[in-house]
Every structure is written in structure tokens, then in C-alpha cells.
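Analysis of the macromolecular model
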Amino acid sequence: MKSIFEFAAKHMEPSLKKTLVLKLLERNIDKTYISKCLDISPSLVTRYVKGERGLHDLSVISEVNEALEELAIKIAERKLCGLDVYKEIARLTIYVLYKKYACGIHYLATRDVNPATCNICQTLFRDIFLK
């Protein structure tokens, strides 16, 4: 089985970042500032916009969408940037895994997990979210 961290880095994190980039652009935030705050290249911002990266729309999950909205607001208001944004994206990535929102995508991407019986992410990340 592929590592869940490998899966998250390839599928979940880019998809969350893509949605965040689009939310920031909707707020007329400059691509250069987005690039700086998310610590990504300007060309990666463009790839997110073109749909070349971040292939999964996690904004359909209301609580994930709300978290990304809040994050976009903080970035747009210049209250969050750089490492603080990275930590929030990492936290949200782990949350998506913990809540089993990514299981179907994981199955489709790798065919090496059974979403109905797998509890790896819930077991690994339980303590983070039950505090």
C-alpha cells in the first residue's frame, strides 16, 4: 500500500491549495502575493488556475470549504502568510484524512485501500482532533 503521506502530498494538499488560490484570486489578491504567502512559485499559481494541479474539488465538503474561506480571508487581510499558512494547510490536510473525506479518492488513485474497512488515518490522527 502506498503511504498515506505520499497520497496526501500528491492529491490532498495540492487540491486544498488550488481551492485556496482560487478563493484568493476571487478577492483580487495579486498572484505574486499569493505565491509569497503560500510559498509556491508563480507558475504553480498559474497551473492551479488552469486546472493542471489540484485535481480534486474538496470545496464541496462544507466544513472544508468554510475552513478555506476563513483562511482566504486571513490571507487577504494580511493577517496570515508564509509558515502560518503552511501550518493551516497541513492541519486541514490531516483533517481531511482523519474525517475519511479522502478515502474514495485514495481508492480511485491507488486501488490499494478499502474505504469501508480502512481506519489508518482515523487511528493515526485521532489524538490531534479529539483534544
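See above for the structure.
Here goes a summary of the coordinates provided. (Residues numbered from 1 in each chain as written. Predicted model: local features only at pLDDT ≥ 70, side-chain atom pairs only at ≥ 80, totals over all residues. Heavy atoms only, no water.)

1. Some details on unusual backbone geometry
The backbone of Asn 28 shows a phi angle near 60°, a positive value even though the residue is not glycine. Summarising the element assignment, Asn 28 is placed in the loop between helix H1 (4-26) and helix H2 (31-38). The exposed category is assigned to Asn 28, whose relative accessible area is 70%. Unlike most non-glycine residues, Asp 39 shows phi in positive territory, near 55°. Along the polypeptide, Asp 39 turns up in the loop between H2 and helix H3 (42-50). On the basis of relative accessible area, Asp 39 is assigned to the exposed category, the value being 68%. (Helix = DSSP H or I, 4+ residues; strand = E, 2+ residues; numbered from the N terminus. Buried < 20%, exposed > 50% of the residue type's maximum accessible area, 1.4 Å probe, protein only.)

2. Brief notes about the environment of Glu 88
Position of Glu 88 among the secondary structure elements: in helix H5 (residues 83-98). Using a relative accessible area of 32% as the deciding quantity, one classes Glu 88 as partly exposed. Counting along the chain gives 20 residues from Glu 88 to Leu 68, while the straight-line C-alpha distance between them is 9.2 Å. Apart from the residues lying within four places of it in its own chain, the contact partners of Glu 88 are Leu 71 and Leu 80. (Contact = heavy atoms within 4.5 Å.)

3. A look at the state of the cysteines
With the rule as written, the count across this model stands at one disulfide. Between Cys 37 and Cys 81 runs a disulfide, and the two sulfur atoms are separated by 2.1 Å. Looking along the S-S bond of the Cys 37-Cys 81 disulfide, the torsion reads about -105°, which is the left-handed sense. Of this pair, Cys 37 sits in helix H2 while Cys 81 sits in the loop between helix H4 (62-76) and H5, and the two are 44 residues apart along the sequence. Between Cys 118, a cysteine without a disulfide, and Cys 103, which holds the nearest cysteine sulfur, the sulfur-to-sulfur distance is 6.1 Å. (Disulfide = S-S within 2.5 Å.)

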